[in-house]
Amino acid sequence: MFALKSPCLFCLSADGPFTRDEHPIPESLGNDDTILPPGIVCDSCNQYFGSKLEQPVLNLAPFGVERVVQAIRNKKGKFPRVKSRDVELRSTGYWDRLALASNPPHRSLFQLPDGRTVLNPEWAHPNLLARFLLKMGLELFAMAESARPYESQFNAARECARFGTAADHWDFAIGLYPDRDDLLTAMRVDQYGPLETRQIYQYGLGVMASGDVLFSFVYATSVFAVNLSRPSALEYIMGFNDRNSFTLDSRWNAFPK
Ligand SMILES: [Zn+2]
């Protein structure tokens, strides 16, 4: 962790002011204990990320949908809802019950050949997803013991996160977590029935064979990874897919242009 007097992690200005706590993982995703103290991210960057990056990302798929399904309350204590054009999906406060506010027919709802109706939620733009992952990754990296997030190898990532520089060239890995039982932390049965406690997110930071620093993030059923050292995620995706029973896709495959 850095002492006060470091420049801002993103804009590299020492002018400040630095008065705000910064949540690497947004509070709206359920994080209330991993916090960067004032002095690392300046107020201007903090405010920019909150309104211009996190808000648009968190209200659309995949994070918006996960938040609704998991009934994660937002900063104001309200249950989230996710809009997709003219359809709205709402939490009820119970993870097994959702409300769909709709007035069919809709473009967001479509019928499968077997007769089921499926909601096709609107996704956050992949450029914003890439920047959102870089922002979280750099901040969590800054919290790690002996990390050096001010090194020039991270300049491209900080400029992409903060200013959108080359965001349409920054790859990330994306996949679906196949076995949610891995995120189960406790289970018990009481007089009301079974009660499961699940970890809502997990993250990891690692150094790859090339020396690149990689940030991985699992949120409910969504898996992401982004390279903090350069735009390519290929080394990680190929290594991951060799070692695991499920595969991650490159952004370029998941969101064809
Ligand atoms: Zn700043």
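No experiment lies behind these values; they were computed from the predicted model shown.

A. Focus on the coordination of the zinc ion. Within the first shell, the zinc ion binds the protein through Cys-8 (SG), Cys-11 (SG), Cys-42 (SG) and Cys-45 (SG), at distances of 2.3 Å. Taken together, the four donor atoms surrounding the zinc ion define angles of 105 to 116° at the centre, an arrangement classified as tetrahedral. Mapped onto the sequence, the donors of the zinc ion take the spacing C-x2-C-x30-C-x2-C. Taken as a pair, Cys-8 in the segment before helix H1 (43-58) and Cys-42 in the segment before H1 lie far apart in primary sequence, 34 residues in all. Residue class for Cys-42 comes out buried when judged on its relative accessible area of 5%.

B. Expanded view of the pairing of strand S6 (residues 173-176). Bridge count between S6 and strand S11 (residues 222-227): four bridges; the pairing is antiparallel. Following the sheet pairing, Ala-173 is matched in S11 by Ala-225. As judged from the two bridges shared by S6 and strand S12 (residues 249-250), these two strands associate in the antiparallel manner. Paired with Ile-174 across the strands is Asp-249, a residue of S12.

C. Quick look at the packing of aromatic side chains. Across all of its chains, the model carries 17 aromatic pairs by this definition. Taking the centre distance of 6.4 Å and the plane angle of 55° together, the rings of Phe-172 and Phe-224 count as tilted. With Phe-172 in the loop between helix H4 (155-163) and S6 and Phe-224 in strand S11, the pair connects residues that are 52 residues apart, well separated along the chain. Here Phe-172 falls in the buried class, since its relative accessible area comes to 0%. Given the relative accessible area of 1%, Phe-224 is considered buried. One aromatic cluster in this structure is built from Phe-63, Trp-123, Phe-132, Phe-172, Tyr-201, Tyr-203, Phe-215, Phe-217, Tyr-219, Phe-224 and Phe-255. Taking the ring centre of Tyr-48 as reference, the NZ or CZ of Arg-162 above it sits at 4.3 Å.

D. The arrangement of the sheet that holds S11 in detail. Taken in spatial order, the five strands line up as S9-S10-S11-S6-S12 in an open sheet, and their pairing is antiparallel. Looking at which strands have only one partner, the edges of the open sheet turn out to be strand S9 (201-207) and S12. Strands in contact with helix H3 (residues 126-143) are S9, strand S10 (213-219) and S11; relative to S10, the strand with the most contacts, it is inclined by about 110°.

E. Structural view of helix H5 (residues 234-243). Of all the positions in H5, only Tyr-236, Ile-237 and Phe-240 are classed as buried. Around the axis of H5, the buried residues are gathered within 95° of arc, so they sit on the same side. Among the exposed residues of H5, those oriented more than 90 degrees off its buried face are Met-238 and Asp-242. Against the buried residues of H5 lie S6, S10, S11 and S12.

Rules and cut-offs
- Residues numbered from 1 in each chain as written.
- Predicted model: local features only at pLDDT ≥ 70, side-chain atom pairs only at ≥ 80, totals over all residues.
- Heavy atoms only, no water.
- Donors = N, O, S within 2.8 Å, 3.2 Å for Na, K, Ca; no water.
- Tetrahedral: all angles 85-135°; square planar, octahedral: opposite > 155°, others 65-115°.
- Helix = DSSP H or I, 4+ residues; strand = E, 2+ residues; numbered from the N terminus.
- Buried < 20%, exposed > 50% of the residue type's maximum accessible area, 1.4 Å probe, protein only.
- Pairing = 2+ DSSP bridges.
- Phe/Tyr/Trp six-rings, centres within 6.5 Å; stacked < 30°, edge-to-face > 60°.
- Lys NZ or Arg CZ within 6 Å of the ring centre and 35° of its normal.
- Contact = heavy atoms within 4.5 Å.
- Axes fitted to C-alpha atoms, helices over the stretch in contact; angles between N-to-C directions.
- Arc of directions from axis to C-beta.

Geometric descriptors of this kind do not, in isolation, establish any biological role.
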